[in-house]
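Topology and contacts: notes
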Amino acid sequence: MSVAPLRGGQARMDELLTTTLDVLKETGYERLTIDEVVSRVHASKATVYRRWPSKSALVVAAFVHAVSHLPAEYDTGSLRGDLLAGMDDLLNEMERLADVMAGLIDEKRRNEELATALREGFLDARKQVAAGAFARARERGEIAPDADVEVLWQIAPAVVMFRWLMMGESVPREEGHRLVDEVVLPLARAGRRVSAPATPPPPPPRRRHAPPSS
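Everything numeric here is computed off the predicted structure, so don't read it as measured data.

As for the environment of V41
- Of note, V41 is situated in helix α2 (residues 34-41).
- The exposure class assigned to V41 is buried, which follows from its relative accessible area of 4%.
- Taking the C-alpha atoms as reference points, V41 and R12, separated by 29 residues in sequence, lie 8.9 Å from one another.
- Other than its neighbours up to four places away in sequence, V41 contacts R12, E15, L16 and T19.

See the structure below:
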C-alpha cells in the first residue's frame, strides 16, 4: 500500500509525530484522539487519516520516530566506551519516553502492531547495537570467549527499565555507569566460569541413643 505524502514535507511530519507523542504523555493511549492532535498542529484530519488510518498506526509512527535516532554502532574503541555510550542514550530516552512507554505496556498486549513497534523499533535495535559492541570486544580479547552475550546485553536495560517503569524511579547517570563498570564488564570478562556457590552438604544425621536398660 502506498503511503500518502504529508503536505509540508518532513518538517511537517516531524511536528505532527512529536505532537502526537506530547498528547500521548498528557492523556495516555485510551484518551488520545486524532482530533486533539490535528487541532494542535492545524492539520487536516483527512490528510492524517490517509497516511495513518487509525489511532494505533499514528501512535506507532510517533513512537518509532522518537527512537529512530539510535546510531548503527558506537565503536569508541573499547567495550566500556561502547557500553557507556549506549547507557547514556538509554537514560536520555527514558527521560523523554518513560511516561509514554509506561502507558503503552498494557496496550501492547491487545495491539500486535504496537507490540511489534516496541520490539523492533526499540528493543531489537538496541540488541543489535549491543551485539556489535560485544563482538568487537571479543575480537579485541576484552571479554571471555564464552561470555554469554545474549544475557549480558539485557542486564543494563532490564535494570534501568524496571526501575523507571515498574518502580517509578529515575536512574542517575552515575548509577547507570556503575552498573556497566561493576556488573556487566566483570561478568563479560569472567565468562561462564562465574557460578553460584556450591550448596553446602546436609548436616550428618543425628545418632539415636539406645534407651537405658532397666
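Structural notes on the nonpolar core
- If you look at the biggest cluster of nonpolar residues, it comprises 60 residues, and the most contacted ones within it are W52, M94 and F134.
- Residue contributions to this core peak at 12 residues, all from helix α5 (residues 79-107).

Things to note about helix α4 (residues 55-66)
- An ideal rise of 1.5 Å per residue puts 16 Å on 12 residues; α4 measures up with 17 Å between its terminal C-alpha atoms.
- Among the 12 residues that make up α4, 9 are buried, leaving the element largely enclosed by the rest of the structure.
- Among the residues of α4, those classed as buried are S56, A57, L58, V59, V60, A61, A62, F63 and A66.

Points about the environment of L70
- Relative to the helices and strands, L70 is located in the loop between α4 and α5.
- A relative accessible area of 18% places L70 in the buried class.
- A C-alpha to C-alpha distance of 9.2 Å links L70 and F122, two positions 52 residues apart in sequence.

Quick notes on the rules
Residues numbered from 1 in each chain as written. Predicted model: local features only at pLDDT ≥ 70, side-chain atom pairs only at ≥ 80, totals over all residues. Heavy atoms only, no water. Helix = DSSP H or I, 4+ residues; strand = E, 2+ residues; numbered from the N terminus. Buried < 20%, exposed > 50% of the residue type's maximum accessible area, 1.4 Å probe, protein only. Contact = heavy atoms within 4.5 Å. Core = buried A, V, L, I, M, F, W, Y, C linked by side-chain atoms within 4.5 Å. Expected span 1.5 Å × (residues − 1).

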